[in-house]
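# Architecture and fold: a report
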Amino acid sequence: MIISASRRTDIPAFYTDWLLNRLRQGSVLVRNPFNPHQVSQVSLDPQTVDGIIFWTKNPAPMLPHLEEIRRLGYRFYFQFTMTAYDQHLEKNLPAKAERIAVFQELARHIGPERVLWRFDPIFFTSEFPPAYHLHWFEDLASQLHGYTRRCTISFLSLYEKCKRNMQGVALQAIEDAEKIRFVSQLAAIANTYGMQLCACCDSFLHQRCGVEAARCIDDRMLASILGYPVHVKKDSGQRPGCGCVASIDIGAYNTCPHGCRYCYANVSERVVAKNFASHDPDAPLLAGTLNGRETITLRKMSSCRTP
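Here's a quick rundown of the structure. (Residues numbered from 1 in each chain as written. Predicted model: local features only at pLDDT ≥ 70, side-chain atom pairs only at ≥ 80, totals over all residues. Heavy atoms only, no water.)

## Concerning the packing of aromatic side chains
Taken as a whole, this structure holds 19 aromatic pairs when the rule is applied. For the pair Tyr85 and Phe123, a centre-to-centre distance of 4.6 Å together with 15° between the ring planes defines the contact as stacked. Of this pair, Tyr85 sits in the loop between strand S5 (76-81) and helix H4 (96-110) while Phe123 sits in the loop between strand S6 (115-122) and helix H5 (130-144); the two residues are 38 residues apart in sequence, bridging distant segments of the chain. Judged by its relative accessible area of 1%, Tyr85 falls in the buried class. (Phe/Tyr/Trp six-rings, centres within 6.5 Å; stacked < 30°, edge-to-face > 60°. Helix = DSSP H or I, 4+ residues; strand = E, 2+ residues; numbered from the N terminus. Buried < 20%, exposed > 50% of the residue type's maximum accessible area, 1.4 Å probe, protein only.)

Have a look at this one:
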């Protein structure tokens, strides 16, 4: 079993204490995001958990606790997002220089092959044209050189939540030919700095640009960390074109205070603030409490390792 922590929120940035308490106690409760009365009890037994994938834009709060997580018996790697945008679109993130330093420190702790850079989502406006992204991509790649081996890109998908949060941002489309040139330039820059460029959920980039399809939840990477095979089925619950294998997400939507305008996981800042205020690091749920009307089901899980 692989744990995703989390596509739904930034656990390393805001909920490290809660996560540590859950790992120490060996279980967590997760609400069904489509039916809040259904709650799963997920075992975090290290003998069952094959690995944890952390998704984050700022893992600084977790850095002092990496050794404890290892001692508890968990193996893990990070998906670290860093984009070209400014605080107009990512208003609650620390400055880029600070996050670059955190990225480098994390890689020194656990190795560059276990810190994967995400340069996504990509979208264009008059303020953020292709040339702007190329400039920042090379600037970031030069500073992350030697601290990562892979960079994953994707273009913005306008989910309904994202459309609401992006109101007032005048998006610009580009022709396929220009898109191919743009991605080819990204791939050349990545190669210059010793990185492989991958595309998340985008068959166009794979087929027309020759960019490898990403597998963000990657059983192959976990196998290399563990030292023996891990066989996991493809995750049928993700978007078409997603290469990820199956995992269990222990996060919750509408709980990330980063405030990124392009976020698909938050309805509004008001809802996020309410849920964040309900967080208790000692509680089994990430946000809120049980009200007695839930049905709690023990999730069936098993290790996928093949020693």
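## What about unusual backbone geometry?
Glycine aside, negative phi is the norm for most residues, and most peptide bonds take the trans geometry. Looking along the chain, the bond that leaves Ala5 and enters Ser6 is cis, with omega of 0°. Mapped onto the secondary structure, Ser6 falls in the loop between strand S1 (2-5) and helix H1 (11-14). Of the consecutive residues Asp120 and Pro121, the connecting peptide bond is found in the cis state with omega at 5°. Position of Pro121 relative to the elements: it lies in strand S6. Positive phi, normally seen in glycine, also occurs at Asn254, with a value near 60°. You can see Asn254 is positioned in the loop between strand S10 (248-249) and helix H10 (269-277).

## Points about the packing of H4 against H5
Running from N to C, H4 and H5 cross one another at 40°; their axes reach a closest spacing of 10 Å. Relative to H5, the crossing made by H4 is right-handed. Of the residues in H5, those touching H4 at Lys96, Ile100, Phe103 and Gln104 are Trp136, Leu140, Gln143 and Leu144. When its residues are assigned to classes, the contact of H4 with H5 shows 5 nonpolar, 2 polar and 1 charged. (Axes fitted to C-alpha atoms, helices over the stretch in contact; angles between N-to-C directions. Left-handed = near helix turned anticlockwise from the far one by under 90°. Contact = heavy atoms within 4.5 Å. Nonpolar A, V, L, I, M, F, W, Y, C, P; charged D, E, K, R; others polar.)

## Overview of the sheet that holds S1
Read from one edge of the open sheet, 8 strands run S9-S8-S7-S6-S5-S4-S1-S10, paired in parallel fashion. Each edge of the sheet is formed by a strand with only one pairing partner; in this case those strands are strand S9 (212-213) and S10. Taken together, the 5 bridges between strand S4 (residues 51-56) and S5 define a ladder with parallel strand orientation. The residue of S5 that forms the bridge with Phe54 is Phe78. Seen against the sheet, H4 touches S5 and S6 and runs at an angle of roughly 165° to S5. (Pairing = 2+ DSSP bridges.)

## Concerning H4
Between its terminal C-alpha atoms H4 stretches 21 Å, which fits the 21 Å expected from 15 residues at 1.5 Å a residue. Among the residues making up H4, those that are buried are Lys96, Arg99, Ile100, Val102, Phe103, Gln104, Leu106, Ala107 and Ile110. Buried residues along H4 sit against helix H3 (66-71), S5, S6 and H5. Just downstream of H4, Gly111 is the residue with a positive phi angle, here 100°. (Expected span 1.5 Å × (residues − 1).)

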